Each structure stands twice: as structure tokens, then as C-alpha cells.
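Given next are the chains, with one letter for each unit.
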Amino acid sequence: MFMCQVTGRMSKPGEKLNCITVAKRERTYFRKEKNEDTGRWQEVEIGHGWEIVRQIVATDEGAVKWSSMSEVQRKLHLEKV
């Protein structure tokens, strides 16, 4: 059982948990490799993508309610949570 952060209610026993990503940021990944010419270690970019900053948990009812909210309503709700 868990507390739904959208509706504020406790879930039923055995109810599925829905993780909703509410904030993410861009991330660049690096790897250290030895430069064959200079013999020094340097960081080489190997990829970029997104990193999750914040998630909220919700019941199925909460997930439906979250998807029906506007961006302004979501922002106001996140200030309370």
C-alpha cells in the first residue's frame, strides 16, 4: 500500500503503482580514455539523453486525474506535494 500523491488517498492492497515523471533534465555522459598521442587521460563524450529529476507515485485513478489536468493545474499541485 502507498499514498497516492495526486489524490492524497491510500491505495488498496495489491494495487499497481504508477510512477509519473514530473521533472527531467538533459544529461551528457563522458568516459575517460587515454589519448594515444599525448599519453594523458581525457574525457570523451559517449552519449547524451535525459535524467529523471523528480517523480510522483499515483494510483490508476490518480494517473487518470493527472493526465486530465492542465499544465497550470499540475504546477499548482506540485507546489503542494
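On a predicted model such as this, the values are computed, not experimentally measured, just so you know. (Residues numbered from 1 in each chain as written. Predicted model: local features only at pLDDT ≥ 70, side-chain atom pairs only at ≥ 80, totals over all residues. Heavy atoms only, no water.)

Colleague: Just to check I follow, could you spell out the pattern of salt bridges for this structure?
Modeller: Any two side chains of opposite charge can pair, on the condition that their charged atoms come close. The tally for this structure, following the rule as stated, stands at five salt bridges. The partner of glutamate 51 in a salt bridge is arginine 25, with the nearest N and O atoms 2.7 Å apart. Here the residue glutamate 51 occupies a position in strand E2 (residues 41-58), and arginine 25 occupies one in strand E1 (residues 18-34), the gap between them amounting to 26 residues. Residue class for arginine 25 comes out partly exposed when judged on its relative accessible area of 45%. With a shortest N-O distance of 2.8 Å, arginine 31 and glutamate 33 are connected by a salt bridge. With a relative accessible area of 43%, arginine 31 lands in the partly exposed category. Classification of glutamate 33 as partly exposed rests on a relative accessible area of 30%. (Salt bridge = Lys/Arg side-chain N within 4 Å of Asp/Glu carboxyl O. Helix = DSSP H or I, 4+ residues; strand = E, 2+ residues; numbered from the N terminus. Buried < 20%, exposed > 50% of the residue type's maximum accessible area, 1.4 Å probe, protein only.)

Colleague: Can you help me understand the pairing of E1 in this one?
Modeller: When a strand is regular, its side chains alternate between the sheet's two faces. Pairing of E1 with E2 involves 16 bridges; the strand directions are antiparallel. Paired with arginine 31 across the two strands is valine 44, which belongs to E2. The turn joining E1 and E2, which pair antiparallel and follow one another in sequence, is formed by six residues; a positive phi near 80° is taken by glycine 39. (Pairing = 2+ DSSP bridges.)

Colleague: I tried to follow the nonpolar core on my own but got confused; where do I start?
Modeller: Within soluble globular proteins, side chains that are nonpolar tend to cluster in buried spots. Residues Cys4, Val6, Ile20, Ile56, Ala58, Trp66, Met69 and Leu78 constitute the largest nonpolar core, which totals eight residues. Not counting the four nearest positions on each side in its chain, isoleucine 56 is found in contact with Gln5, Val6, Asn18, Cys19, Ile20, Val22, Trp66 and Leu78. (Core = buried A, V, L, I, M, F, W, Y, C linked by side-chain atoms within 4.5 Å. Contact = heavy atoms within 4.5 Å.)

Colleague: Would you mind going over a nonpolar patch on the surface with me for this structure?
Modeller: Taken together, the side chains of Met1, Met3 and Met10 make up a nonpolar region of the molecular surface, amounting to roughly 350 Å² of accessible area. Within the secondary structure, methionine 1 is located in the segment before E1. (Patch = residues over 30% accessible without salt bridge, like charges linked within 9 Å, V, L, I, M, F, W, Y side chains within 5 Å. Areas by Shrake-Rupley, 256 points an atom, 1.4 Å probe, with all protein chains shown as cover.)

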